[in-house]
2 protein chains.
Amino acid sequence: MRNGTLLYAQSGGVTAVINATAAAVIEQARAKGIKVLAARNGILGALREELIDTSKESAAAIRALAHTPGGAFGSCRVKLKSLEADRARYDRLLEVLRAHDVRWFLYNGGNDSADTALKVSQLAKSSGYDLTCIGVPKTIDNDLAVTDTCPGFGSAAKYTAVSVREAALDVAAMAETSTRVFIYEAMGRHAGWLAAAAGLAGTGEDDAPHIILLPERAYDEAAFLAKVKAVVARVGYCVVVASEGIATADGRFVADAGGGKDSFGHSQLGGVAAHLAGRVKDQLGLKVHWALPDYLQRSARHLASKTDWEQAQAVGKAAVQLALKGQNGVMPVIVRSSDAPYRWKIEAAPLSKIANHEKKMPASFIRRDGFGITAKARAYLQPLIKGEAPLPYGSDGLPKYVTLKNVAVKQKLPAFEG
Amino acid sequence: MRNGTLLYAQSGGVTAVINATAAAVIEQARAKGIKVLAARNGILGALREELIDTSKESAAAIRALAHTPGGAFGSCRVKLKSLEADRARYDRLLEVLRAHDVRWFLYNGGNDSADTALKVSQLAKSSGYDLTCIGVPKTIDNDLAVTDTCPGFGSAAKYTAVSVREAALDVAAMAETSTRVFIYEAMGRHAGWLAAAAGLAGTGEDDAPHIILLPERAYDEAAFLAKVKAVVARVGYCVVVASEGIATADGRFVADAGGGKDSFGHSQLGGVAAHLAGRVKDQLGLKVHWALPDYLQRSARHLASKTDWEQAQAVGKAAVQLALKGQNGVMPVIVRSSDAPYRWKIEAAPLSKIANHEKKMPASFIRRDGFGITAKARAYLQPLIKGEAPLPYGSDGLPKYVTLKNVAVKQKLPAFEG
């Protein structure tokens, strides 16, 4: 095997299990005698030559990393443009990789990151620099193409289903004299996977959630309010789960608080539940409450799915194996062979099939009335939230999360302004 | 021991462990050969003679009840006024109790419920009806007098501390290019106990949460924004926990969404985090996110504190024991004899000392700058979130929560309009 170091970087929104992937990458590389550097704050650290020497961390710290949420080395929302438009940054990246003899680059993120990893691999090839680039899947949005699911999604899905079931029990107990309508806002800009997962909270027709609003269907206020009214009349209360990304038929987001854009070019969303609550109150005169779990839903390692946690580690381990085999420009993806029992394995897929694609929910997963999920969706989603990922708690009643030392690697290059 | 039935009713906002109290009441009464009726939707069911026969539930169902959140028999927000003002309802209550030979009335709620239980006990006495009334403590607000803590609070406190720690790890990882300020809104109208519990999430000066806004201190926008700015400059990001009940020095709630009142006469609050986020964005120009867990924080049985769960059962068991001893007009309270290790026992306290009192945080629990908790607060709070209450999960990845049959008792009286 050739000499060199492996560079690992996290990208985009973090998850409850992205550090489990990181831990698996480091452990697998250590087992093969490979030194792992991590980029501080994702691709920014790679550009700025702010690298972390993970060999300074104990084996116990790396194992604890596998159950710690957040992004241990920092992540960022920075997307590189085309090779032509962002040439200076790509060149700098290659320069940093060369300076630290990086021969394997693992980029852990969503479809934007797959695109960056692909471009870096192409540039290295055309520059004659021997580098193997691997994309490692991650996103609570579950919107990556090819792979059965995305590490991070299953845990956020479990959080969503459990939270909605618990809150629904609360609402059911109080509805007679208190809140009649409860609205839960789930993350998901363009794909409604997380909101859909809330459907696992109940099985019967009158079980919560009674209404799921998905970005895959145009939001129709009149139909929504009529449905809320009917459910309250029949069940006594109504639990609604709304995806943050719902939009009306003419493409306007129901609530785009501020209306700005983040550095990925996505609209800044928020406030969907608050808006819907206001309409329910004003139009139906019903007492309403809403919840906006925001980052809680993607960092709730305390409620992580065991399936998700195992897959997060499996893609990390496979990424190192693929890298060492020199399989350039691929991503380890999850391939499902059976729903029940859930059977899956890891295969390599070309980054070109994943980069910049966005997997929405198939129409067959959405109930005809647009307000719920089908049995087919349930069969797909159920195994992803199965099992409880182990988590040690301290005597203080809090999970034992680790803080790494994150020792900086000595810089070898002049500073980069870019 | 005398013949008769025991009536159990839940009141006010439910919690993650109020059903654990119910389970303990039923199990203890069964062990003594006493039949337990439960009022459907709290005191409303007692007035309407809508009673549930808990003897129809299996022992396994009652045991499962002990780990199911929400309120299994329904609760309500209805407060009886003085004996004079609400005489018809008190008389009806006594009539229903007589009709079903209820000799022990256990009312599980907060300080309003303690007041009702006390009044019913007085009325029964003056009417010559042999009835023992017991208040059973419950409230996530932790604002009951006399008792060391209130069942329900410890679990909500654990949810708060864990959620804030997890979200803070997320924010820390992304702050460089994304959210700089994260605001978490905690329940608590007049007492900041839950927001204070978030302080357990960190121990060091720069650990999250960096700012806690308590209703015990007047909200000063300029001081708040200056503190946020300073924390972001020093730490890179800032995690804020705000109690829903914060108010300015002139007594105006920072956000009283709608401005209405619930049937307990409390102002309807909400939107504090959204308001603060808007100010941070507009005045400091920092990217901000906020979370409003709402009912999630009081129904999260999946994250219940073992200490809290044990206390919830202990007060239920003690309530039956006190009732059977004929200790009229008391509440089983938790008495602490040691912080570390936490030692506690149950004693009986007169309802008159608890009814309508509200326990705020002592000044010694609040840091001098008003933005955090002291070591004394930490010593008080820490044991309350200790331990993880056991919870069985199904093969579907969801907790195994029970739905009771809730078989209605045959009515004996004409309907009551009141």
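A brief look at the structure comes next. Predicted model only: the values in this text are computed from it and were never measured.

1. Details of the pairing of strand β11 (residues 343-350) of chain B
Residues and elements named next belong to chain B.
Here is step 1 of the chain: Pairing of strand β10 (residues 330-338) with β11 involves 8 bridges; the strand directions are antiparallel. Each residue of the ladder has a partner; that of P332, found in β11, is A348.
Here is step 2 of the chain: The turn linking β10 back onto β11 is made up of 4 residues.

2. Notes on the side chain of N108(A)
Residues and elements named next belong to chain A.
Here is step 1 of the chain: Take N108: it is sitting in strand β4 (residues 102-109).
Here is step 2 of the chain: At 3.0 Å, the side chain of N108 forms a polar contact with the backbone oxygen of V136.
Here is step 3 of the chain: When sequence neighbours within four positions are dropped, the list of residues in contact with N108 reads Y8, A9, Q10, S11, I18, T21, V136, P137 and K138.

3. Some thoughts on the interface of chain A and chain B
Here is step 1 of the chain: Between chain A and chain B, the contact holds 67 residues from the first and 67 residues from the second.
Here is step 2 of the chain: Our count for the chain A to chain B interface comes out at 4 salt bridges.
Here is step 3 of the chain: In this structure, D170(B) and R298(A) form a salt bridge, with 2.7 Å as the shortest nitrogen-oxygen distance.
Here is step 4 of the chain: Among the elements that line the side of chain A that touches chain B, the one with the most residues is helix α6 (residues 153-174) of chain A, at 13 residues.

4. Examining the relation of the copies chain A and chain B
Here is step 1 of the chain: Relative to chain B, chain A is turned by 180° and slid 0.0 Å along the rotation axis, the superposed coordinates differing by an RMSD of 0.0 Å. One copy is carried onto the other by what is essentially a two-fold rotation axis.
Here is step 2 of the chain: A shared interface surface links the copies, since 100% of the contact residues of chain A are contact residues in chain B too.

5. Description of the packing of helix α1 (residues 18-31) of chain A against helix α11 (residues 306-324) of chain A
Residues and elements named next belong to chain A.
Here is step 1 of the chain: Closest axis-to-axis distance for the α1/α11 pair is 7 Å, and the angle between their directions is 40°. Where α1 crosses over α11, the handedness of that crossing is right-handed. On the side of α1, the interface is formed by A20, T21, A24, V25, Q28 and A29, while α11 contributes W309, A312, Q313, V315, G316, K317, V320 and Q321.
Here is step 2 of the chain: Considered class by class, the residues forming the contact of α1 with α11 number 8 nonpolar, 5 polar and 1 charged.

6. Regarding α6(A)
Here is step 1 of the chain: The end-to-end C-alpha distance of α6(A) is 31 Å, a good match for the 32 Å that 22 residues give at a rise of 1.5 Å each.
Here is step 2 of the chain: Burial analysis of α6(A) places 19 of its 22 residues in the buried class, which makes it a mostly covered element.

7. Points about the sheet that holds strand β8 (residues 238-243) of chain B
Residues and elements named next belong to chain B.
Here is step 1 of the chain: Ordered in space as β7-β8-β6-β9, the 4 strands form an open sheet in which the pairing is parallel. The strands lining the two open edges of the sheet, one partner per strand, are β7 (211-213) and β9 (288-291). Sheet twist, expressed as the mean angle between neighbouring strand axes with direction ignored, is 15°.
Here is step 2 of the chain: With 6 bridges connecting them, strand β6 (residues 181-186) and β8 associate as parallel partners. Paired with V181 across the bridge in β8 is C238.
Here is step 3 of the chain: Packed onto the sheet, helix α8 (residues 221-235) meets β6, β7 and β8 and runs at close to 150° relative to β8.

8. A short note on the packing of helix α4 (residues 87-99) of chain A against helix α5 (residues 111-127) of chain A
Packed helices, taken two at a time, are described by the angle their axes make and the gap between the axes.
Residues and elements named next belong to chain A.
Here is step 1 of the chain: The N-to-C vectors of α4 and α5 enclose an angle of 70°; their axes lie 10 Å apart at closest approach. Overall, the two elements α4 and α5 adopt an arrangement that is roughly perpendicular. Where α4 approaches α5, its residues R87, Y90, D91, L93, L94, L97 and R98 are matched on the opposing element by K119, V120, L123, A124 and S127.
Here is step 2 of the chain: Tallied by class, residues from the contact of α4 with α5 come to 7 nonpolar, 1 polar and 4 charged.

The rules we used
The residue numbers shown here count from 1 along each chain, following its written sequence. As they are written, the chains are lettered A onward and the ligands numbered 1 onward, keeping that order. Local features in this predicted model are restricted to residues of pLDDT 70 or higher, and side-chain atom pairs are both shown and tallied only at a pLDDT of 80 or more, whereas totals for entire chains, interfaces and linings draw on every residue. For side-chain calculations, the full set of non-hydrogen atoms in the structure is used, while hydrogens and water are omitted. The criterion for strand pairing is that DSSP finds at least two bridges linking the strands in question. A helix here means a DSSP run of H or I that spans at least four residues, while a strand means a run of E at least two residues long, and both kinds are numbered starting from the N terminus. Polar contacts, as used here, are pairs of N or O atoms within 3.5 Å; protein pairs need one atom able to donate a hydrogen and one able to accept it. Residues neighboring in sequence count only if both atoms are side-chain atoms. Contacts are assigned to residue pairs with any non-hydrogen atoms lying within 4.5 Å of each other. When a carboxyl oxygen of Asp or Glu lies within 4 Å of a side-chain nitrogen of Lys or Arg, that pair is called a salt bridge. Superposition of the copies was done by least squares, using only C-alpha atoms of residues whose pLDDT is at least 70 in both. Interaxial angles span 0 to 180 degrees and are taken between N-to-C directions of axes, which are lines fitted to C-alpha atoms, for helices over the stretch in contact. Note on convention: near helix rotated counterclockwise from far helix by under a right angle means a left-handed crossing. Clockwise means right-handed. Gly is placed with the polar residues, together with every amino acid not listed as nonpolar (Ala, Val, Leu, Ile, Met, Phe, Trp, Tyr, Cys and Pro) or charged (Asp, Glu, Lys and Arg). The span you would expect from a helix comes to 1.5 Å times its residue count less one. Residue burial is assigned from relative accessible area. The probe radius is 1.4 Å, only protein chains are included, and a residue is buried under 20% of its type maximum, exposed over 50%, and partly exposed in between. When describing relative orientation, an angle under 35 degrees is termed roughly parallel and one over 145 degrees roughly antiparallel, while 65 to 115 degrees is termed roughly perpendicular and anything else oblique.

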